[in-house]
Amino acid sequence: MRNRSLRRSSSRGAEATAEDESVPAVRLENVSHEYGSTTGRFRSRSEQAVTALREVSIDVERGEVLGLEGPSGSGKSTILHAVAGLLVPTAGTVSVLGTDLTSLSDRGRTKARRRHVGIVFQRFHLLESLSARANVALPLVQAGLPKSARRERATDLLTDVGLEDRTTHLPGELSGGERQRVAIARALSTDPDILVADEPTGELDTETGASVLELLTNVGRDRAVVVASHDAATLAVADRVVTLRDGAVIEDER
Ligand code: ADP
Ligand code: MG
């Protein structure tokens, strides 16, 4: 097995909630969200509020790969952003390892995200001026790791995703599949408990997408993975699929 750095390390701090096995990795409770919902601010008539989520409740267990399925506009990305603490829903609670993100300050939420959540986007979101290795090491700068340790871990992660001979390449010198592998390595650099992936194979051909999926599910064995997609091949690798329509859960196959 090459993916030794992709595995969750067991030597983490004994934080009460994070180590409590009975707490789901992710819990959304009656989450509703309206974009452009302004409280106390003037809103012109053209600035219509959009209801993106309607009372969504979903639990994701540790080690589970959850697929979020639904047509474009059904609310998949909004859920992932809420889980990552990039967005505070208008109503309801979003808990990560027992911590309610909606009750935290912006700073607290950012901290919780950096500590617990890795994010993979459809369009990779790599910094074009940085090498593959520097991209992977970036979250470790924020985590305060010294430079030599960052380089070592980034190199290990790139080796694990099969890119040991691409560490000094710039994103522009890599194929789409390689870029997504770099993005996955980066998302896993801080050893997050939860990985969210927003249409991670959307830009890739079928074969490349399949190898990226294999990687995602491989890392999901001991962490929670939430993957949004409308692609059948992606949903096929999930342990469980939740179907959304117009911001509401219409099916949860559990
Ligand atoms: P999906 O990822 O399933 O395509 P989204 O979560 O992106 O769905 O979007 C859900 C709904 O919210 C859609 O109607 C979309 O147009 C709307 N929406 C998404 N992002 C914004 C935004 N930043 N501002 C206003 N409306 C948005
Ligand atoms: Mg989306």
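The name recorded for the protein in an unreviewed UniProt entry is ABC transporter ATP-binding protein, from Halostagnicola larsenii XH-48.

**Student:** Explain the overall build of the protein to me, and be specific about the residues and the numbers.
**Tutor:** When helices and strands are counted, the protein shows eight helices and ten strands. Looking at the protein as a whole, 46% of its 254 residues qualify as buried. Pairs at least 24 residues apart make up 74% of the contacts formed inside the protein by residues separated by at least 6 positions. Put simply, the protein shows about 12300 Å² of open surface, and 47% of that area lies on carbon and sulfur atoms.

**Student:** Lay out the site of ligand 1 with the relevant residues and their values.
**Tutor:** By nearness alone, every residue bordering ligand 1 is listed as Tyr35, Val50, Ala52, Pro71, Ser72, Gly73, Ser74, Gly75, Lys76, Ser77 and Thr78. One nitrogen or oxygen atom from the main chain of Gly73 is found 2.6 Å from an oxygen atom belonging to ligand 1. Taking Lys76, its side chain carries an N or O atom lying 2.8 Å from an oxygen atom of ligand 1. Here ligand 1 has 560 Å² of accessible area as a free molecule, and 60% of this is covered by the chains. Counting only elements with at least two residues in the shell around ligand 1, the list comes to strand S2 (50–60) and helix H2 (76–83). By residue class, the composition of the shell around ligand 1 is four nonpolar, six polar and one charged.

**Student:** Can you explain the pattern of salt bridges? Please cite residues and give values.
**Tutor:** Evaluation of the coordinates by the stated rule reveals nine salt bridges. Across the salt bridge formed by Arg27 and Asp59, the nearest N and O atoms sit 2.7 Å from each other. Of the two residues, Arg27 is situated in strand S1 (residues 26–35) and Asp59 in strand S2; the sequence distance between them amounts to 32 residues. Between Arg223 and Asp191 there is a salt bridge, with the nearest N and O atoms lying 3.5 Å from each other. Note that Arg223 is positioned in the loop between helix H7 (206–219) and strand S8 (224–229) and Asp191 in the loop between helix H6 (176–187) and strand S7 (194–198), a separation of 32 residues in sequence. Each of Glu64, Arg240 and Asp252 takes part in a single network of salt bridges with overlapping partners.

**Student:** Could you give an account of the sheet that holds strand S3 (residues 65–69), naming the residues involved and the relevant values?
**Tutor:** One open sheet accounts for six strands, arranged S6-S7-S8-S3-S9-S10; its pairing is mixed. Each of the sheet's edge strands pairs with one partner strand only, and the pair in question is strand S6 (117–120) and strand S10 (248–252). Across the sheet, the mean angle separating the axes of adjacent strands is 20 degrees when strand polarity is ignored. The pairing of S6 with S7 spans four bridges and is classified as parallel.

**Student:** So what's going on with helix H3 (residues 106–116)? Which residues, and what values?
**Tutor:** Of all the positions in H3, only Arg109, Ala112, Arg113 and His116 are classed as buried. Buried positions in H3, seen along its axis, are confined to an arc of 100 degrees and lie on one side of it. Turned more than 90 degrees off the buried face of H3, the exposed positions are Arg107 and Lys111.

Rules used throughout
One numbering rule holds for all chains: residues counted from 1, following each sequence as written. The order in which chains are written sets their letters, starting at A; the order in which ligands are written sets their numbers, starting at 1. Totals for whole chains, interfaces and linings use all residues, but because this is a predicted model, local features are given only for residues with pLDDT of at least 70 and pairs of side-chain atoms are given and counted only at 80 or more. To get the side-chain values, take all heavy atoms of the structure and skip hydrogens and water. Put simply, DSSP marks the helices as runs of H or I at least four residues long and the strands as runs of E at least two long, and each gets a number from the N terminus on. Here's how the labels work: a residue is buried when its accessible area is under 20% of the maximum for its type, exposed when over 50%, partly exposed in between, all with a 1.4 Å probe on protein chains only. Contacts are assigned to residue pairs with any non-hydrogen atoms lying within 4.5 Å of each other. Values of accessible area rely on a 1.4 Å probe in the Shrake-Rupley scheme; residue burial ignores everything except the protein chains shown. Put simply, a residue is near a molecule or strand once any heavy atom of it comes within 4 Å of that molecule or strand. By the criterion applied in these results, polar contacts are pairs of N or O atoms within 3.5 Å in which, for protein atoms, one can donate a hydrogen and the other can accept it, and in which residues neighboring in sequence qualify only through two side-chain atoms. Lys, Arg, Asp and Glu make up the charged group, whereas Ala, Val, Leu, Ile, Met, Phe, Trp, Tyr, Cys and Pro make up the nonpolar group; the residues left over, Gly among them, are polar. Salt bridges are counted wherever a side-chain nitrogen of Lys or Arg sits within 4 Å of a carboxyl oxygen of Asp or Glu. In this description, strands pair whenever DSSP reports at least two bridges between them. Only the stretch in contact is used when a helix axis is fitted, and all axes are lines through C-alpha atoms; the angle between N-to-C directions ranges over 0 to 180 degrees. Regarding the arc, it is the one traced by the directions from the helix axis to the C-beta atoms.

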